[in-house]
Amino acid sequence: MLDIKYLRQNIDLVRQKMDERGQKIDFDRFLDLEAKRRDILQAVESLRNERNSVSKQVGELKKKKEDASVLIEKMGDVSIRIKEYDESLRVTEEELNAFVMIVPNIQHESVPKGTGSEDNPVVRTWGEKPVFSFEPKQHFDLGENLNILDFARGAKITGARFTLYRGAAAQLERAITNFMLDLHTGNHGYTEVFTPFMVNAESMTATGQLPKFKEDLFKIEGMEYYLIPTAEVPVTNIYRDEILEEEKLPIYFVAYSACFRAEAGSYGKDTRGLIRQHQFNKVEMVKFSKPESSYDELEKLTANAEEVLKKLGIAYRTVCLCTADLGFSSAKTYDVEAWLPGQNTYREISSCSNFEDFQARRAAIRYRRKDNGKVEFVHTLNGSGLAVGRTVVAVMENYQQADGSIIVPEALRPYMRGLERITP
RNA sequence: GGAGAGAUGGCUGAGUGGCCGAAAGCGAUCGCCUGCUAAGCGAUUGUACGCCCUUCAAAGGUGUACCGCGGGUUCGAAUCCCGCUCUCUCCGCCA
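Residues numbered from 1 in each chain as written. Chains lettered and ligands numbered in written order. Predicted model: local features only at pLDDT ≥ 70, side-chain atom pairs only at ≥ 80, totals over all residues. Heavy atoms only, no water.

A. Local environment of the packing of helix 7 (residues 168–186) against helix 12 (residues 388–398). In the contact formed by helix 7 and helix 12, the axes pass within 9 Å of each other and the chain directions differ by 110 degrees. Classed by the angle they form, the pair helix 7 and helix 12 counts as roughly perpendicular. Judged by the sense of rotation from one axis to the other, the crossing of helix 7 with helix 12 is right-handed. Where helix 7 abuts helix 12, its residues Leu172, Glu173, Ile176, Thr177 and Met180 lie against Val388, Gly389, Thr391, Val392, Val395 and Met396. Taken together, the residues of the contact of helix 7 with helix 12 sort by class into seven nonpolar, three polar and one charged. (Axes fitted to C-alpha atoms, helices over the stretch in contact; angles between N-to-C directions. Helix = DSSP H or I, 4+ residues; strand = E, 2+ residues; numbered from the N terminus. Parallel < 35°, antiparallel > 145°, perpendicular 65-115°, else oblique. Left-handed = near helix turned anticlockwise from the far one by under 90°. Contact = heavy atoms within 4.5 Å. Nonpolar A, V, L, I, M, F, W, Y, C, P; charged D, E, K, R; others polar.)

B. Looking closely at the environment of His188. Relative to the assigned elements, His188 resides in the loop between helix 7 and strand 4 (191–193). Accessibility expressed as a relative area gives 16% for His188, which makes it buried. It is 26 Å that separates the C-alpha atoms of His188 and Gly327, two residues lying 139 residues apart in sequence. His188 has contacts with Leu183, Tyr252, Asn304 and Glu307, leaving out every residue within four places of it along the chain. (Buried < 20%, exposed > 50% of the residue type's maximum accessible area, 1.4 Å probe, protein only.)

C. Molecular detail of the state of the cysteines. Under the definition given, this model contains zero disulfides. Take Cys259: it sits in no disulfide, and the sulfur closest to it among the cysteines is that of Cys352, at 14 Å. No disulfide involves Cys322; its sulfur sits 8.6 Å from the nearest other cysteine sulfur, which is in Cys320. For Cys322, a relative accessible area of 0% puts it in the buried group. (Disulfide = S-S within 2.5 Å.)

D. Broad picture of the environment of Asp39. Tracing the backbone shows Asp39 in helix 3 (residues 27–63). C-alpha of Asp39 to C-alpha of Ala411: the two residues are 372 residues apart in sequence and 64 Å apart in space.

E. Spatial organisation of the packing of aromatic side chains. Counted according to the given criterion, the structure contains 15 aromatic pairs. Between the aromatic rings of Phe132 and Phe134, the centroid separation amounts to 5.2 Å while the plane-to-plane angle is 65 degrees, which identifies the pairing as edge-to-face. Residues Tyr239 and Phe253 carry aromatic rings whose centres are separated by 6.1 Å and whose planes lie at 25 degrees to one another, so their mutual orientation is stacked. Remark: Phe253 occurs in strand 8 (residues 251–260) and Tyr239 occurs in the loop between helix 9 (232–236) and strand 7 (242–245); sequence separation between them is 14 residues. Considered together, Tyr239 and Phe253 belong to a single accessibility category, that of buried residues. Among the aromatic side chains, those forming a connected cluster through ring pairs are Phe27, Phe30 and Phe99. Here Lys129 stacks its cationic end above the ring of Trp339, 4.1 Å away from the centre of that ring. (Phe/Tyr/Trp six-rings, centres within 6.5 Å; stacked < 30°, edge-to-face > 60°. Lys NZ or Arg CZ within 6 Å of the ring centre and 35° of its normal.)

F. Summary view of the sheet that holds strand 4. Pairing within the open sheet is mixed, and its eight strands lie in the order 1-10-11-12-15-9-8-4. Edge positions in the sheet fall to strand 1 (122–126) and strand 4, since each has one partner strand and no second. Between one strand axis and the next, the sheet turns by 25 degrees as a mean value, whatever way the strands run. As judged from the seven bridges shared by strand 9 (residues 279–289) and strand 15 (residues 379–387), these two strands associate in the antiparallel manner. Of the residues in strand 15, the one forming a bridge with Lys287 is Leu381. (Pairing = 2+ DSSP bridges.)

G. Main features of the pattern of salt bridges. The tally for this structure, following the rule as stated, stands at 32 salt bridges. Residues Arg90 and Glu87 are paired through a salt bridge, measuring 2.9 Å at the closest nitrogen-oxygen approach. Of the two residues, Arg90 and Glu87 both sit in helix 4 (residues 69–101), three residues apart, roughly one turn of that helix. Between Asp241 and Arg240 there is a salt bridge, and its shortest N-O distance comes to 3.9 Å. (Salt bridge = Lys/Arg side-chain N within 4 Å of Asp/Glu carboxyl O.)

H. Structural view of the sheet that holds strand 14 (residues 375–377). Taken in spatial order, the three strands make up an open sheet running 7-13-14, and their pairing is mixed. Looking at which strands have only one partner, the edges of the open sheet turn out to be strand 7 and strand 14. Each adjacent strand pair in this sheet contributes to an overall mean axis angle of 40 degrees, direction not counted. Pairing analysis gives four bridges linking strand 7 to strand 13 (residues 365–368), with the strands arranged parallel. Note on strand 13: the bridge partner recorded for Glu242 is Ile365.

I. Spatial organisation of the protein's contact with RNA strand B. Around RNA strand B there are 24 residues in total, and Arg37, Arg38, Ser55, Ser79 and Lys374 lie nearest to it. At the protein interface, 71% of the atoms of RNA strand B within 4 Å belong to sugar or phosphate. Asn49 is positioned with one of its side-chain polar atoms (N or O) 3.0 Å from a phosphate oxygen of RNA strand B. At a separation of 3.0 Å, a phosphate oxygen of RNA strand B approaches a polar side-chain atom of Arg368. If you list the elements that add at least two residues to the surface near RNA strand B, you get helix 1 (4–9), helix 3, helix 4 and strand 13. The element contributing the most residues to the surface near RNA strand B is helix 3, with 14 residues. Split into classes, the residues belonging to the surface near RNA strand B amount to five nonpolar, seven polar and 12 charged. (Near = heavy atom within 4 Å. Polar contact = N/O pair within 3.5 Å; in protein donor to acceptor, adjacent residues only side chain to side chain.)

See the structure below:
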């Protein structure tokens, strides 16, 4: 959420920024609502002021056993007017709030302008794409041939976009998860947390999933609880409605979680395999940072995600999302894309973003500056470190052999009880 | 699921209708004092949103709101009433 006062005072800049993002937003309506709110607020506050001072007089008169009935009668009318104003204030604030809650974040000045994902510049590439003496297969064919990925039974148990892992694939999923958690906690300074997989509506609103993206979420029947689409939600909400001490910052958390996404509107996309599932596992890194260092933290966060692929020996490239491709809450995002030989393309495996104070304002996550005691919003960041299912895909496709077996990358062998090769 | 108790500032905790944004203590910050440390003394110490002042902001002034959340009663609510949420204790069930 953007600051209302900032929005009012910088409306032309915001219009231009939203234009670059391809967002059409009726800011005139905002300005009307905002002015209306202040008018009502002033009116009702001055009435309250009157009531407070008269009530005080009433108290003094009664103490002296004098008659206060004239004042009391007058105040009855004032209270009714206050109630009326309160109601119109409530309605106006609700409308204003509904408006600002669906305005995206303002992109950082370094974000490239563009009109679609084809305009995302590649900022770096790493690693050698493997060379095969045969036609490399896609992971779903490899997995079915090895009898370690069972899409048909996943669909039987639940439905489309659910998968049954068996044997080495199930172990690989678990190995990758543990490998990544150990890397980030052991080498990158993150504290591991384990969170609820269901959250309430307040938490979803704080990180930006609600109200605008309700249709992407799974909701629990009969309760205001939602299945998390990413651990970003519960982890960022750890400090909702709190004021942190400056010396605690930056705070680094890493969390494994299952993630649940309705994938509304993605019918026909990536219908085969593990790339797009309703349920998948992810290791997520979340940071709480001081404003002045958040962009340094974003670079480090992205490097932490890339490190996983380096350790696994999988080629990747990192792109910077352009204005049109940037997510709702983000001010700047790098996507890390792993090379998938079976698909002959790079696919997103991590997304690392700086939200600046956009989430912090919604969530009321603040910190007190040591030097002047002032309270201000933290910056929040997060990035996948990495999406586990997609990492399984990358390992399978990059390490496949002519006979259909899969070599286990060295870094994962300790987590696979020394297994070097997955064979039928 | 049943019964009971509770929710007040960074923390502990007082407060049953007006003098309460809230005692006291702890903690924190600043200053004084003191060979150092400790102790002592003094001051300060919530957040949000308006308005005034200011080129803007900060500072300052002023107003309003907030004692778990939402309603109600009343001239006036932390305090009384109703609903909800959460926490704790006991019982039942349970991985």
